[in-house]
Amino acid sequence: MTNTQITNGFYIPPSRQRFLNTVQELLSRTGIVAMEGTVGIGKTSMLEELLTSALPNANKCYLTAVSSINDIQVRSRIIEQLFGNVLFDPEKPMLNAFLEFGGNTELMIAIDNGHHLSGQIIGEILQVVAEFKKQSRVISVLFTFDKQITNTIGSITSALISVMPIPKFSEKESYILIKQSFDDVPSPDTAKVKRWIENAQGNPIQLLAFDTQDALKLAKPVTMNIKLWVSNLVVVSLLLALGVYMYRLYFTEEQSLPKTIKEKTIKPTVEPMVSDWSSAKVKEHVVKVKQTQMPEDNAASSSDILEALNNAMKPQKEVEAVTANIEPTKANIEPAAGTLESVPNVNKQSLPVEIAKEAISEPVVNLPESSSSEKEISLAPSEAEFGSELDAELESNLPSSIAPLTVAGYRVNNQQMLSLPSNKFVLQLTAVSQESTLETYLIEKRLDAKLTRIYKISRNNSDWLVVTYGLFDTIASARETAKNIDQNAWAKSTEAIQQQIKSYNESLSQ
C-alpha cells in the first residue's frame, strides 16, 4: 500500500504504511496478528483497512466484541458471516463447523475490541488456525485489543500469533494530520501548536480534539450546575410537604371514620312437605314463603344473635328424592313450557313447594345425587364451556414433540412462524439446544413478548430452539433495528425459516 489516505479520507502517515505492510506479511506466515493500542490510537481504522486490502477473494467476517457478548453469540456471528445460513451447534467448539463448511475457500476473521473475548473463544480460534495450517488451507485472523483493559491475547505464547503495537504519530505526522483536518492552522513552530502536539503524544484522537476558536485548547466539557439542582430539589420538597399538609387539614375526622353497621339477622324457615301439587296450592304457599323470608330492619340484641346462630346450626328437613318413570296422564296434550308439567320424570306428590317453585322459574335445577333408577334434571352446557373443554382436550392429545411449549413466559410456536409472509425478514438473536439455556437467555434479555417469536427445528438428531425478534420488510431495516436490540443479532428471511420448519414437521410425521 502506497496511498497516504484510505477511502474515508483519514490520513495514514508513512509509519502506519510500513506497519500495515508488516502485518500483511505476518498474516501469511503465522496466521494470527493481534494489534495492540490505547483508546484513540486508531486500532479500528487499521483493522478496517486490512480487512479491505488483505485477501480480496476470501470469505470475511467482522465482529465488534463488547463486554456483554457471550461465547454462543460470538460463535454464531462468526459461522453465520463466513458460511451463511447453516445449522450448527453454537454451544460446541467452532472447529467442527469450520471443517464441515469451510471447504477450500480462503477465510479471514477480523475482531475489534478483542480484550472482551473469553479465553475459551481465543483458544478455539487458535485450534482452528492450527488445523487449517496442517491441511495447507488459507485462514487469517486479526485482533485489536487494549492491554490496559485485559492482556489475555498479549500473554499467549504461540508461534501462530504475533502481537504488534500500533505506532504513534511523530511530531511531523501529527502536524500534517491537524493541517489536513482544520483550516487556518498556525505554523508548526508556534508555541501553542508545539505544546498541543507534545500533549497529544502522537494519539490521533487527541490531535483532532482541539477547539480552533479557543486558542487550540481542549473544549471544556459541560459541567453540572450543582447549586441549581440543589435549589430545585429544595423547592420540590417544600411543595410536596405543603401538599401533604393541606390534604391532612381538609380530610376531616368525620370523613375518615367508617359508619356504624346495624346487626341484622334472617330467621331460618323450615321447608314444609307438600302433599297437594295443584297449582293453586303451590302459588298460595309461595306467597307465604316470600312473606316469612322478608328480613326485619330492626336492630337485634346480643341474645337474638345467639338464638339465630343456634337455629341456623340445626339440620333442615331432608327433601325427598325425585323419582323417575312417571306415566303421562294425557298422551295427546303437551305441557306448556315454563310450567311444572313440562319438567319430565318428576314425582309431584313428593317434592316440597320450594323445589316446585324453582323447577318453574329457575333455568337449572340442582338436585341431590339419586340412585341408579333416578334421573338428574339439568340443562346442556354453554357454548363457552363446551369450547374450552374441546380446546383443552385437543391440546392434551397433541404429541409431545409439537405440543405448545412455554419457556420463561414465551411460547415456542412453529405455526406462528409458518403464518408469516415469506418475503419478510426477522432478527435471529440466538439458537440453543437446551431449555434451561433458553430460559436463562430470555430472563436476562427481557424481550418484548409481542415482537419475540421462538420456533423449534431439528438437526443431527437434536432439537434446537431459535429466538427471533420483529418482522421487517427489508433486510436493511432489520439490520438497522439490530443496532438498538442486539449488536450481535443478524437478519434472516422468513422463507428460509419456514423451509426449516416444514422439514422438521415432515421428519416428525415419518
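Thresholds applied
- Residues numbered from 1 in each chain as written.
- Predicted model: local features only at pLDDT ≥ 70, side-chain atom pairs only at ≥ 80, totals over all residues.
- Heavy atoms only, no water.
- Pairing = 2+ DSSP bridges.
- Helix = DSSP H or I, 4+ residues; strand = E, 2+ residues; numbered from the N terminus.
- Axes fitted to C-alpha atoms, helices over the stretch in contact; angles between N-to-C directions.
- Contact = heavy atoms within 4.5 Å.
- Phe/Tyr/Trp six-rings, centres within 6.5 Å; stacked < 30°, edge-to-face > 60°.
- Buried < 20%, exposed > 50% of the residue type's maximum accessible area, 1.4 Å probe, protein only.
- Core = buried A, V, L, I, M, F, W, Y, C linked by side-chain atoms within 4.5 Å.
- pLDDT = per-residue confidence, 0-100.
- Salt bridge = Lys/Arg side-chain N within 4 Å of Asp/Glu carboxyl O.

Looking at the sheet that holds strand β5 (residues 161–165)
Across the sheet, 5 strands lie side by side as β2-β3-β4-β1-β5; this open sheet has parallel pairing. Because the sheet does not close on itself, it has two edges, and the strands there are β2 (59–64) and β5. Averaged over all pairs of adjacent strands, the angle between strand axes in this sheet comes to 15°, irrespective of strand direction. Bridging between strand β1 (residues 32–36) and strand β4 (residues 139–145) involves 5 bridges; their strand directions are parallel. Residue pairing in the sheet places glutamate 36 in a bridge with phenylalanine 145 of β4. Helix-sheet contacts for helix α5 (residues 119–134) involve β1, β3 (107–112) and β4, and the interaxial angle to β4 is about 155°.

A word on the packing of aromatic side chains
Taken as a whole and assessed by the stated rule, the structure comprises 3 aromatic pairs. Seen in terms of ring centroids, phenylalanine 83 and phenylalanine 98 are 5.5 Å apart; in terms of plane orientation they differ by 85°. Their pairing is edge-to-face. One end of the pair, phenylalanine 83, is in helix α3 (residues 71–83); the other, phenylalanine 98, is in helix α4 (residues 95–101), with 15 residues separating them in the sequence. Here phenylalanine 98 falls in the buried class, since its relative accessible area comes to 1%.

What about the environment of isoleucine 475?
In this structure, isoleucine 475 sits in helix α17 (residues 475–485). Assessed through its relative accessible area of 31%, isoleucine 475 is described here as partly exposed. A C-alpha to C-alpha distance of 6.2 Å links isoleucine 475 and phenylalanine 425, two positions 50 residues apart in sequence.

What to know about the nonpolar core
In terms of nonpolar packing, the biggest core is built from 34 residues, with Ile78, Phe98, Ile125 and Phe143 touching the most fellow members. Of all elements in the fold, only β1, β2, α3, α4, β3, α5 and β4 reach the threshold of two or more residues within this core. No other element matches the 7 residues that α5 contributes to this core. With sequence-adjacent residues up to four places away left out, isoleucine 125 is seen in contact with Ile32, Met94, Ile111, Val141 and Phe143. Listed in part, the 20 residues of the second largest apolar core include Val23, Met35, Ile41 and Leu142.

Considering the confidence of the model for the protein chain
In low-pLDDT regions, the fine details of the predicted coordinates are not to be read closely. Per-residue confidence for the protein chain gives a mean pLDDT of 75, with 67% of residues at or over 70. Across residues 215–219, where pLDDT falls below 50, the model places 13 contacts with residues more than four positions away in sequence or in other chains. Per-residue pLDDT stays below 50 along residues 316–401; that stretch engages in 85 contacts with residues further than four places along the chain or on separate chains.

Re the pattern of salt bridges
Inspection of the entire model under this criterion finds 5 salt bridges. The partner of glutamate 480 in a salt bridge is lysine 483, with the nearest N and O atoms 3.5 Å apart. With a gap of 3 residues between them, glutamate 480 and lysine 483 both fall in helix α17, about one helical turn apart. On the accessibility criterion, lysine 483 (57% relative accessible area) is exposed.

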